[in-house]
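Structural characterization, general
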Amino acid sequence: AAAVSGRDEEAVLLLERVHYRHDPRWLLPVSPRLCLACALELLPERGVSLVRKKYVLSCFRDALVRHTSLITQLVAQDQRVCIHFINILFGLLCNVEDGNVTDLCIEVLIQLVTQLKQEQTVHCLLDACHREVSILHFLIYFLMDTIPLFYLFIFLWCGLMEHLLRGLVYPNEGVQASVCYLYGKLYSSHMAAEMLSGHFREKLCPLFLSTMEGAQTKELQINCLGLLRQLLKYDLFVSMIMNKSALAETAQSVEGPPGETSLPLVLKKFLLSRDETLQVASAHCITAVLVHSPVKHAPAFIHADIPEFLFEHLSSSSEVLIWSIYNCLILLAEEPLFFSKCHTVYGIEAVVRSLQGSLKLTNTELHKQGLLLLAEILTRQPEEIRLFTSSAMCGDASRALQEAVSSPVLEVAAEAVKAASAFLRKDHQSAPPVQYQALRALLEAMLSRCSEFSQTPLNRRSLGSRDSEKAILRRGKFLLSTLEGFRNACRLAVEFQGEPIAQENPFTAPSAEKEDTLEDFSEFLLSACDSLCIPMVMRHLEQATHPALMEVFLSILHSLFIIVPHMKKKFSKKLAASSFIRLTLELKARFCSGSSHSALNQVCSSFLYCMCLNLLSAPEKTRSLSQEELSAVSELLQHGLPQISSRSPESVAFLSDRQYVEGTARQRQYCILLLFYLAYIHEDRFVSEAELFVALQGFLLSLQDQGEHPPPVVFRASIYLIAICQDKDCALDEAVVSAIRKFLEGISDLHLVYTHHPLLLRFFLLYPELMSRFGHRILELWFFWEESSCEELDDVPSAGLPTLPASLAALFQMLRSSPSILLILLDLVYSSPVDTARKVLMSLRTFLRRNEDVQVDGLIRGHFLLILQHLLVEHGASPSGGQSLASGNLPLLLSLLSLVQLRNKSEQELDSMAMKLLHQVSKLCGKCSPNDVDILQPSFNFLYWSLHQTTLSSQKRAAAVLLSTTALIELLEKMLALTWTEMEASSPRTALLCSAWLLTASFSAQQHSGSLQVHQTLSVELDQLLKALSFPKKKPALLSAAILRFLRTALQQNFSSALVALVPSGSQPLPAPEDNILAPLGTSQVLALVIGLQNLLVQKDPLLSQGCVGCLEALLDYVYARSPDLALHVASQPWNRFLLFTLLDAGENSFLRSEILRLMTLFVRYNSSSVLSHEEVGHVLQVAALADLSTLSNTTRRALRDFFLQVQSMGLLIDHGTTQTLQASLESLSLSAFSDHQPPQDMLCLGGVAVSMSHIRD
């Protein structure tokens, strides 16, 4: 069967009738057994069936594929045979309509031509194509991909170009498509394109455009567009085509038959087709034209309304088409006509929606192109043509940009930031209402994305130095784009300040809270810059410094001064405290020397100018400049700042130049000084203090040498800096001190040049030449500006003193080193405004309390005496009635004098100066009314302390001086009478009434004991006095204690004082006969008084209890001397026992308190066994004997000793053991033991009242 099959195959492949004549060499030695000669005779034979021919071609093709080298060698043996075979195949191709046969012919032809690689073979094939154009398109696709380009050049020289032109007008679009493909292949070679340029210009261009315009099949349309893409690579062909298009448009605009074809219109037709491939190809061709010269070629497309249809197609779902349209529109946007024809107004909504849709996709290239297009439109849109016609559309754009800015892809976010920057333009945001909230959200997204990127750590180990630098550069570019956007937002806020419609949302209800306003937006800008922009820039500065970035950054800071004017001063202070003066000067020195970076220099100078003016108009602890001074400083800074571009050491050296300084250079010096001054005030000391100290001396001497007087603000800066920079061990030359004094003497008031700082105060007080002339005013200014207060330190006990503020500590150090300054301070208390004087007084009080070793009492008292004498002479009648400011400060002076007196803890002899002071103060009191509480209270304290804090002999002399002042005695009488109407604790005169009663009691005691002469008596209503004590209402304990001290004194004197007259009330009834013996007291009054004293004792106030016990002792002594029975009756009342146990608490040995011991002593003295039994007395003695008496105060120990003595004298102890215990206790409590125990301070100030504890107690 196999043999039969082989014979059948040979019968088919061989032409039997002629095969015997063929040379065996033409027979293939391998399967299939095909004879090439038989095939050459069989294929053109008309009598052979088409099926057989097809089979023969198929077998030859298979053999050619399987045994390529064998068949190639066989065919190449004879060139004539090869050419004849090609012609036979070409003839078969032309005459047979069977598609399978045609494909086989083409395939065999291509294989032969490509494998033989003979020039004659190619010529043969091309000649055949020349004879039969109709089949050209069958071969063209294979030929162009297989025939080397060299043979195509041969094709060019074979005169076939004219033949190809005829192919373009051939009525078959398949042929036309093939010709276009062939042309495209030819023009893809740069060399061929140059050779064919003339052919294209003269013949092909109009014919090709016409063919493309009339193309109906997709194949021809695509090939035409492919050829067009190849042509559009060359600027020459683009110019030719567009020139032809321009002629065509001109011809169409003139009446007549159409002539040339316009490329924009042809591409517009493809763009309008529903085929996406054609649309994309059309967009690519438009882009290819515009790439060569958008300005030159874009108008033709714009006039053809191409942009309108491009915008329409942005709604497509094809990413390729949208990306192509984006590219096209980006190039069209370079032509102003694109905007003037309002194409952007028509298409902006489509762009925004397309961008919103594309952001939902993952194609980042599409995102970047869309954002680039939007940025181009936003940037190039003319201001006079509003882009967004509605606020809603503007809001959509803002939200799209916000989403894009937040993209995790850095390149997309970078493009979005650029687009957002262009979006922040006034004409883009002017559609009311302005959506400030949307703008704020957009800016927050930008800053947040930038902050996130800038804080991403750089792994410098994994990155090389070059890659690390690139990463930093990338960050800098992103930060710059973000700052440019923020600057545009600031510019927007500035521009909207002049438009009322943009101030707030006009559509907000009147009653609603208005948040979407320009004011809120402006404050947001300031806050965002403070919390985000500044930290980001400062972090970036640690890695790199870019002039362009710093220019934008400083322009932002400068604009914020305008945007939020009510915060500009506070913002300036914060910037100065954050070393921005130093930063700006370093930028100018680094980049702006000469004429380089003039824009940065201008921005730096403008920023410094505004910040300096803001700081000078709202200074720290110094006066504000007047408008005239501000104008002068403004002019000075405006001219001088742009000229400063030197580094700090160079600037310091420039200051110290002693040679003749011209006007412009002097202005530069002034500017440098002001900058250093403002920096130092805000703790930015970036200049060496030692070098600056030397330079300032040279500067001041230079001014003196040239006879110049600097403006006060400049001299203020100079004197402040020289004081701050002066080292403790470095003193100024006398010449410099003299120059400073001359400058100061030429200034009307020191407040013009004063800046509050402890070192400036030290500077003026350090040099006698300055202190003697300006010390008073400098100290006054220092206290005027000083904020630290001693109020909370004034009443703090000496133990555990809180730390002083640094400024006060510095002042106190100066006072210790130079006590004479205290005299100046004392003058200030007298002559300064009340607020300042009070600060001085509080400081002096604190200083004297904390520095008891500084002996200044005599110095202060002598100076105070002079002031007081001057005051009394100046204000004769009443110091409170004068109009002088001094009267307001007098209470402060008196308080200070009281403090000085209080410092004398030991008894001292009163010298002549002290006596003079007593006399002057008493005279002062006599000139006052009871309403002058501020003067009388410290005066009474001084008088009281003077009586009780001195020796007995001095007490007598002092009392004599005071009693001679009748006006003082009259005043005391008025004060005592006011007690009955002002018993409430809230009365402003309560403390003064306490002092009045204590002082009266002291006067009465001293007069009685010393039999002093009385020039004026004072009267007290006895009934009112007893009523106040017998029926006590709620009143201050100290006032009750003071009245008790007065009554006790009267009782001790048996109401026989020559100074005090206790008189009955006018309506008082006649006393009973049995009361005459107790006169002026009555029995009922005595009993009521005892009950009142018991009630006061129950209050358990230590001071009041001492006074009550003392008064009860004096009362019982007074009654016992006149009516012993009544005294014993009063002492034995059962209520006394109840009182005693009420006073005792649950603590161990609670009776060991001085007031209780004194009370028990009183009961023992009057043999009140019903109150305190003998057994209880014995128990007290036994417990006391076992107690640790060393822990008791001197007062308690004395009271215990008195109790033992009283018990012993009464003979109440008959037990021998108890007697011995008593005797041992007495020995341990001998008077010599008291000296071992430190006595407590006797003189106290309680609630502003001077109180001697011994006066109340003893």
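Keep in mind it's a predicted model, so treat the numbers as computed, not measured. (Residues numbered from 1 in each chain as written. Predicted model: local features only at pLDDT ≥ 70, side-chain atom pairs only at ≥ 80, totals over all residues. Heavy atoms only, no water.)

Along the backbone of the chain there are 64 helices and 4 strands. For the chain, buried positions account for 54% of its 1258 residues. For the chain, the share of sequence-separated contacts (at least 6 apart) that also reach a separation of at least 24 residues comes to 75%. Summed over its atoms, the accessible surface of the chain is roughly 54300 Å², and 53% of this surface lies on carbon and sulfur atoms. (Helix = DSSP H or I, 4+ residues; strand = E, 2+ residues; numbered from the N terminus. Buried < 20%, exposed > 50% of the residue type's maximum accessible area, 1.4 Å probe, protein only. Contact = heavy atoms within 4.5 Å. Areas by Shrake-Rupley, 256 points an atom, 1.4 Å probe, with all protein chains shown as cover.)

Moving on to the packing of aromatic side chains. In total, this model carries 32 aromatic pairs according to the counting rule given. With a centroid separation of 6.4 Å and 85° between ring planes, the pair formed by Phe764 and Phe774 is classed as edge-to-face. Of this pair, Phe764 sits in helix H40 (residues 758-766) while Phe774 sits in helix H41 (residues 768-785), and the two are 10 residues apart along the sequence. What makes Phe764 buried here is its relative accessible area of 2%. Every member of this aromatic cluster is reached through a ring pair, and the members are Tyr183, Tyr187, Phe200, Tyr234 and Phe237. Just above the ring of Phe453 sits the side chain of Arg475; from NZ or CZ to the centre is 5.7 Å. (Phe/Tyr/Trp six-rings, centres within 6.5 Å; stacked < 30°, edge-to-face > 60°. Lys NZ or Arg CZ within 6 Å of the ring centre and 35° of its normal.)

Right, let's get into the packing of helix H59 (residues 1154-1165) against helix H61 (residues 1194-1209). Where H59 meets H61, the closest approach of the two axes is 8 Å, and the angle between their N-to-C directions is 15°. On the basis of their axis angle, the class for H59 and H61 is roughly parallel. Between H59 and H61 the crossing geometry is left-handed. Here Ser1154, Leu1157, Arg1158, Met1160, Thr1161, Val1164 and Arg1165 of H59 come into contact with H61, specifically with Thr1195, Thr1196, Ala1199, Leu1200, Asp1202, Phe1203, Gln1206 and Val1207. Looking at the contact of H59 with H61 residue by residue, the classes come out as 7 nonpolar, 5 polar and 3 charged. (Axes fitted to C-alpha atoms, helices over the stretch in contact; angles between N-to-C directions. Parallel < 35°, antiparallel > 145°, perpendicular 65-115°, else oblique. Left-handed = near helix turned anticlockwise from the far one by under 90°. Nonpolar A, V, L, I, M, F, W, Y, C, P; charged D, E, K, R; others polar.)

In this section: helix H39 (residues 734-745). Taking 1.5 Å of rise per residue, 12 residues should cover 16 Å, and H39 covers 16 Å from first to last C-alpha, within 8% of that figure. Of the surrounding elements, those touching the buried residues of H39 are helix H37 (689-705), helix H38 (712-725), H40 and H41. (Expected span 1.5 Å × (residues − 1).)

In this fold, Ile377 is placed in helix H24 (residues 364-380). Residue class for Ile377 comes out buried when judged on its relative accessible area of 0%. For Ile377, the residues in contact, after removing those within four places along its chain, are Phe339, Thr344, Ile348, Val351 and Leu387.

Moving on, we get to the pattern of salt bridges. A full pass over the atoms with the stated rule returns 24 salt bridges. Here the salt bridges do not stand alone but share partners, grouping Arg741, Glu745 and Arg773 into one network. (Salt bridge = Lys/Arg side-chain N within 4 Å of Asp/Glu carboxyl O.)

Topologically, Asp427 is positioned in the loop between helix H26 (410-423) and helix H27 (436-454). A relative accessible area of 10% means that Asp427 is categorised as buried. Apart from residues no more than four positions distant in its own chain, Asp427 is found in contact with Gln381, Pro382, Glu383 and Arg386. Here the side chain of Asp427 touches Arg425 through a polar contact of 2.6 Å, side chain to side chain. (Polar contact = N/O pair within 3.5 Å; in protein donor to acceptor, adjacent residues only side chain to side chain.)

We now examine the pairing of strand S4 (residues 1249-1252). Side chains Val1249 and Val1251 project from S4 onto one buried face, and the interleaved Ala1250 and Ser1252 project onto a second face that is buried too. Sheet topology places strand S3 (residues 1243-1246) next to S4; 4 bridges connect them, and they run antiparallel. Of the residues in S4, the one forming a bridge with Leu1244 is Val1251. (Pairing = 2+ DSSP bridges.)

This brings us to the packing of helix H56 (residues 1102-1122) against helix H57 (residues 1124-1131). Running from N to C, H56 and H57 cross one another at 145°; their axes reach a closest spacing of 5 Å. Contact residues: H56 offers Leu1116, Val1119, Tyr1120 and Arg1122, while H57 offers Pro1124, Leu1126, Ala1127, Leu1128 and Val1130. Residue composition of the contact of H56 with H57, grouped by class: 8 nonpolar, no polar and 1 charged.

For the chain, mean pLDDT is 83; residues scoring 70 or higher make up 85% of the total. Taken together, the stretch residues 153-158 has pLDDT below 50 and engages in 15 contacts with residues farther than four places along the chain or on a different chain. (pLDDT = per-residue confidence, 0-100.)

Right, let's get into the environment of Leu228. Tracing the chain through its elements places Leu228 in helix H15 (residues 218-231). Under the relative-accessibility criterion, Leu228 is labelled buried at 0%. In the structure, Leu228 is positioned 13 residues away from Ile241 in sequence and 9.7 Å away in space, judged by C-alpha atoms.

Bringing the state of the cysteines into the picture now. Taken as a whole and assessed by the stated rule, the structure comprises 0 disulfides. Cys328 takes part in no disulfide bond, and the closest cysteine sulfur, belonging to Cys285, lies 9.6 Å away. Residue classification places Cys328 among the buried residues on the basis of a relative accessible area of 0%. (Disulfide = S-S within 2.5 Å.)

To continue, consider the nonpolar core. Of all hydrophobic cores here, the largest spans 387 residues; its most connected members are Leu525 and Phe940. Once residues within four sequence positions are removed from consideration, Phe940 is found in contact with Cys925, Leu968, Leu971, Leu972, Leu992, Ser995, Ala996 and Leu999. Membership of the second largest hydrophobic core comes to 39 residues, among which are Cys35, Val48, Val75 and Leu104. (Core = buried A, V, L, I, M, F, W, Y, C linked by side-chain atoms within 4.5 Å.)

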